[in-house]
Structures are given as structure tokens and as C-alpha cells.
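Listed here are the chains, written in short residue letters.
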Amino acid sequence: MTETLSEDPKPVRPLLSRVVLALLCVGAVAYGVLLLPYARALWWLHAYAALPETYVLPVRGVAKDDLSPSFGAPRASGGHEGIDVLAPAGTPVLAAADGVIIGNRPSAVGGNVLWVMGAGRRLYYYAHMRELAPGMHLGRLARRGETIGTVGNTGNAARTPPHLHFGIYVVASHFYPLRYSPIDPYPILHTGAQ
Ligand SMILES: [Zn+2]
């Protein structure tokens, strides 16, 4: 005598598909919010290998001869990894070169900052800003000469005159853009800036 087994209900499959769907949703959100900016920056690293030919001085109204070399000067945290461009608070800060915004979170040292991944594996750092311009979110393209914020003295510059701290870093690898070392922006801006 043969018995036919009644079919068991299979709750596993709907559950599994729900889990997969949920994972896909979480993945999509994570990609959009977290990874897309970095994916875009990585793409930028690969797509634009040549260095910019010219730069815009990163503070409006400041001329080349107003710049002073202070890269490597002693600071509490070690050598100064950039130059300080003095200007009245509220003066527009301009993007020195095109790039993708990969960092916009305020920090204790830099205050209101922007990290912009530019062509030629160069990472630009703008710090101590009073405020960022509207819409400076991760993954957005900052165009050379565009206003990206205003001069201030946020972060550890609270007791200094308002200035923009401007740094340029060279990214070590095409595949890991978060390892970089500072170079002196002064000669670059002095010879290359318009
Ligand atoms: Zn500085």
C-alpha cells in the first residue's frame, strides 16, 4: 500500500524571498548613500589622470602674492599640512579645481570641511569654513571656481583670525583612495593659479 504524502507547506521560500528583497533594498540604499560617492570618486581617479593645468585661488579676492608659504610649519599636531589663506569671515571659498566631494562631515580639528577628489589623484581639503555652501553633499561634483563655502575659524582655529586652511594630498593608490600624503599647495597655486 502506497501512501501519498501530503505536501508540506513551504514557508521557507516566501521568507527567503522577503529576506532577499530586504537585503536588496538595504543594499540599494547603502549604495546610494554610502558607496555611490566613493564609486564616483574611484571612477574619477581612473578617468581623469592628468593634472589640472590651472587652478583658481581658493578664496575670492585673494591674489597670488597675498599667499604665504606655511606648509611644514610647526603645529600642535605636527607639520602644517597646507597653507592658510587669511580673509575676512564670510568671504567666499572657491573650488581650486574640479572634483567629487568625498567628505563633508565637520571635525574637531578642521571644523566645517570639504574633501574633494580631483584629477591626477589629488585630494583637496578646505577647512575652518564658517559654513558650507548649500548642497555640498557627498558625490556631488564641485566645479573649479564654484563657491563651496565661506571663510571662518571653525574647528581648532577658533582663536585665530578667520582663514581658509587649504591642503592638497596625493592619493597613493587608484584602488584605495583613503591613503594619501600631503604636498605643498603654495608653489602649485603660485604658479598654476589664475
Ligand atoms: Zn592651516
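Residues numbered from 1 in each chain as written. Predicted model: local features only at pLDDT ≥ 70, side-chain atom pairs only at ≥ 80, totals over all residues.

## What about the overall build of the protein chain?
Each helix and strand counted, the protein chain has 2 helices and 12 strands in total. The N-to-C order of helical and strand elements in the protein chain reads α-β-β-β-β-β-β-β-β-β-β-β-β-α. Sorting the 194 residues of the protein chain into buried and exposed places 32% on the buried side. Contacts in the protein chain between residues at least 24 apart in sequence constitute 67% of all its contacts with a sequence separation of at least 6. (Helix = DSSP H or I, 4+ residues; strand = E, 2+ residues; numbered from the N terminus. Buried ≥ 20, exposed ≤ 12 C-beta atoms within 10 Å, placed from the backbone. Contact = placed C-beta atoms within 7 Å.)

## With respect to the nonpolar core
Core analysis: the biggest nonpolar cluster contains 40 residues, and Val116 and Tyr126 have the highest contact counts within it. Only helix H1 (12-47), strand E3 (83-86), strand E4 (92-94), strand E5 (99-103), strand E6 (112-118), strand E7 (122-129) and strand E11 (163-171) provide two or more residues apiece to this core. Looking at this core, the element that brings in the most residues is E7, giving 6 residues. Filtering out sequence-adjacent residues up to four positions away, Tyr126 remains in contact with Pro58, Val93, Val113, Leu114, Ile148, Gly149, Leu164 and Phe166. (Core = buried A, V, L, I, M, F, W, Y, C linked by C-beta atoms within 7 Å.)

## Focus: the environment of Leu57
Counting through the fold element by element, Leu57 comes out in the loop between H1 and strand E1 (74-75). Sequence separation of Leu57 and Leu94 is 37 residues, and the distance between their C-alpha atoms is 7.2 Å. Residues within four places of Leu57 in sequence aside, it is in contact with Val62, Lys64, Leu189 and Ala193.

## Some words on the sheet that holds strand E8 (residues 131-132)
Taken together, 3 strands build an open sheet; the order of strands is E4-E10-E8 and the sheet is antiparallel. Strands at the two margins of the open sheet, each flanked by one partner only, are E4 and E8. Pairing geometry for E8 and strand E10 (residues 147-150), over 2 bridges, is antiparallel. Its bridge partner being in E10, Leu132 is matched across the sheet by Gly149. (Pairing = 2+ DSSP bridges.)

## Some thoughts on the pairing of E11
Burial of E11 is extensive: 8 of the 9 residues sit out of reach of the surface. Taken together, the 4 bridges between E3 and E11 define a ladder with antiparallel strand orientation. Within the sheet, the bridge partner assigned to Leu86 lies in E11 and is His163. Sheet analysis places E7 next to E11, joined by 6 bridges and oriented antiparallel.

## Looking at unusual backbone geometry
Most peptide bonds are trans, and most residues other than glycine sit at a negative phi. Despite not being glycine, Arg121 has its phi angle at roughly 60°, a positive value. Look at His128: it is not a glycine, yet its phi comes out positive at around 65°. Here His128 lies in strand E7.

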